[in-house]
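# Understanding the architecture of this molecule
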Amino acid sequence: MRERMRQNIFRGCGVAMVTPFKQDLTIDTESLQRLTKDLIDNGVDFLCVLGTTAETATLTAEEQHLVVRSIQEVNQGRLPLLIGVGTNNTQAVVNRLQQDFYKDVDGVLVVTPYYNKPSQEGLYQHYKAIAAATNLPIMLYNVPGRTGVNMTAATTLRIARECPNVVAIKEASGNTEQIKEIIDTAPEGFDVLSGDDSLTFELIALGAKGVISVFGNAYPCQFSKLVHAAQEGQYAEALDIQRLCRPLYKPIFIDGNPAGIKSLMTFQGKLQNVLRLPLVPATPATQEVLKTLAGKMPLY
């Protein structure tokens, strides 16, 4: 077994950033940069860019680069940047990571291949090939509700033990027992992060090292405080914040992600409520629920 190359720098409260669009469906870089500053100023620990919440599947390669560059201009190296690069084509991911563009990022998020539903051996070989192609820290991303395949704890741990630059996993399976098994038996330097806002407190209490949050786009201060309190073992304080946030967790996902969070952020004046097809805005009924609940959230 090779010695682990580095420790995971993606801990605490990470936010899976949305991509704001103008009415003509072009990227709203001004709003994107304001959002970046808002997250930095409100206690977020790292930024996850070009993930599911960013509607990355609808962005061209040039647009993806524009998004990253726009965020980098504001960030100026203050927070680590985790960039989504995963597809269901192993060689395409390998080729992408050879581009000079990726020399300036801090790590990459690689989702399990979707649609073609590989076996557990296929998942292992996929990540092994990608890890061999780059020196960048890699975070695995298990989200069976979107990909159609669950990566088991055994496969995750096999990858973690044999690929030293695989430093963490974003676990969004919702399977607490599976996640706990990974936390309890992971090799040193390999961390688990929550991929579900609603499970963040519970998973940190079990030993997870943070979260990649959707909710944090709208409420970075509140969610950062929740995560940091939980990390420090201040569970009463974390639970108090959890009770305030919990009513919004389900409604922001009723009509899919990022339809709900973009509606919520529209009420806050952070962006326009524009999505790219095949995604559409949340229904008027959902928007009304979100608006009512948002009005009850205290300001920090």
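Notes on the structure follow. (Residues numbered from 1 in each chain as written. Predicted model: local features only at pLDDT ≥ 70, side-chain atom pairs only at ≥ 80, totals over all residues. Heavy atoms only, no water.)

Okay, the packing of helix α3 (residues 90-97) against helix α4 (residues 120-132) next. Following both chains from N to C, one finds α3 and α4 inclined at 15 degrees, their axes separated by 9 Å at the closest point. On the basis of their axis angle, the class for α3 and α4 is roughly parallel. The interaxial crossing formed by α3 with α4 has right-handed handedness. Judged by residue contacts, Thr-90, Val-93, Val-94 and Leu-97 of α3 engage His-126, Ala-129 and Ile-130 from α4. Considering only residue class, the contact of α3 with α4 consists of 5 nonpolar, 2 polar and no charged. (Axes fitted to C-alpha atoms, helices over the stretch in contact; angles between N-to-C directions. Helix = DSSP H or I, 4+ residues; strand = E, 2+ residues; numbered from the N terminus. Parallel < 35°, antiparallel > 145°, perpendicular 65-115°, else oblique. Left-handed = near helix turned anticlockwise from the far one by under 90°. Contact = heavy atoms within 4.5 Å. Nonpolar A, V, L, I, M, F, W, Y, C, P; charged D, E, K, R; others polar.)

So, about helix α2 (residues 61-75). The end-to-end C-alpha separation of α2 is 21 Å, in line with the 21 Å expected for 15 residues at 1.5 Å each. Those residues of α2 lying buried are Glu-63, Gln-64, His-65, Val-67, Val-68, Ser-70, Ile-71, Val-74 and Asn-75. Considering only its buried residues, α2 is in contact with α1 (29-41), β2 (46-49), β3 (81-84) and α3. Backbone geometry just downstream of α2 places Gln-76 in the positive-phi region, at approximately 50 degrees. (Expected span 1.5 Å × (residues − 1). Buried < 20%, exposed > 50% of the residue type's maximum accessible area, 1.4 Å probe, protein only.)

To continue, consider α3. Each α-helix turn comprises 3.6 residues. Residues three or four places apart therefore point the same way. Every buried residue of α3 is listed here: Val-93, Val-94 and Leu-97. Angular distribution of buried residues about the axis of α3 spans 100 degrees; they occupy a single face of the element. Residues of α3 that are buried make contact with β4 (107-111) and α4. The opening residue of α3 is Asn-89, an N-cap whose side-chain oxygen sits 3.1 Å from the backbone nitrogen of Gln-91. (Arc of directions from axis to C-beta. Polar contact = N/O pair within 3.5 Å; in protein donor to acceptor, adjacent residues only side chain to side chain.)

Moving on to the environment of Leu-79. Among the structural elements, Leu-79 can be located in the loop between α2 and β3. Here Leu-79 falls in the buried class, since its relative accessible area comes to 12%. In sequence terms Leu-79 and Phe-10 are 69 residues apart; their C-alpha atoms lie 9.5 Å from each other. Setting aside residues up to four positions removed in sequence, Leu-79 forms contacts with Ile-40, Val-44, Asp-45, Phe-46, Leu-47 and Asp-106.

The next point concerns the state of the cysteines. What the rule picks out here adds up to 0 disulfides. Unpaired in terms of disulfides, Cys-48 finds its nearest cysteine sulfur in Cys-13, a separation of 12 Å. Of all cysteine sulfurs in the structure, the one in Cys-13 sits closest to Cys-245, which takes part in no disulfide; the separation is 10 Å. Overall, Cys-245 belongs to the buried group, its relative accessible area being 0%. (Disulfide = S-S within 2.5 Å.)

Let us look at the pattern of salt bridges. Going through the model one piece at a time under the given rule, you end up with 10 salt bridges. Residue Glu-121 is joined to Arg-158 by a salt bridge in which the shortest nitrogen-to-oxygen separation is 2.8 Å. Highlighted residues: Glu-121 in helix α4 and Arg-158 in helix α6 (residues 153-162), separated in sequence by 37 residues. Of the residues examined, Glu-121 reaches a relative accessible area of 37% and is grouped as partly exposed. A salt bridge links Lys-180 to Asp-184, with the shortest nitrogen-to-oxygen separation between them at 2.7 Å. Of this pair, Lys-180 and Asp-184 both sit in helix α7 (residues 176-185), 4 residues apart, roughly one helical turn. (Salt bridge = Lys/Arg side-chain N within 4 Å of Asp/Glu carboxyl O.)

What follows concerns unusual backbone geometry. When glycine is set aside, most residues are seen to have a negative phi, and most peptide bonds are trans. The omega torsion across Asn-257 and Pro-258 is 10 degrees, close enough to zero to call that bond cis. With respect to the helices and strands, Pro-258 occurs in the loop between α10 (235-249) and α11 (259-267). In this chain, Leu-277 is followed by Pro-278 through a cis amide linkage whose omega measures 15 degrees. A positive phi angle, close to 50 degrees, is found at Gln-76, a residue other than glycine.

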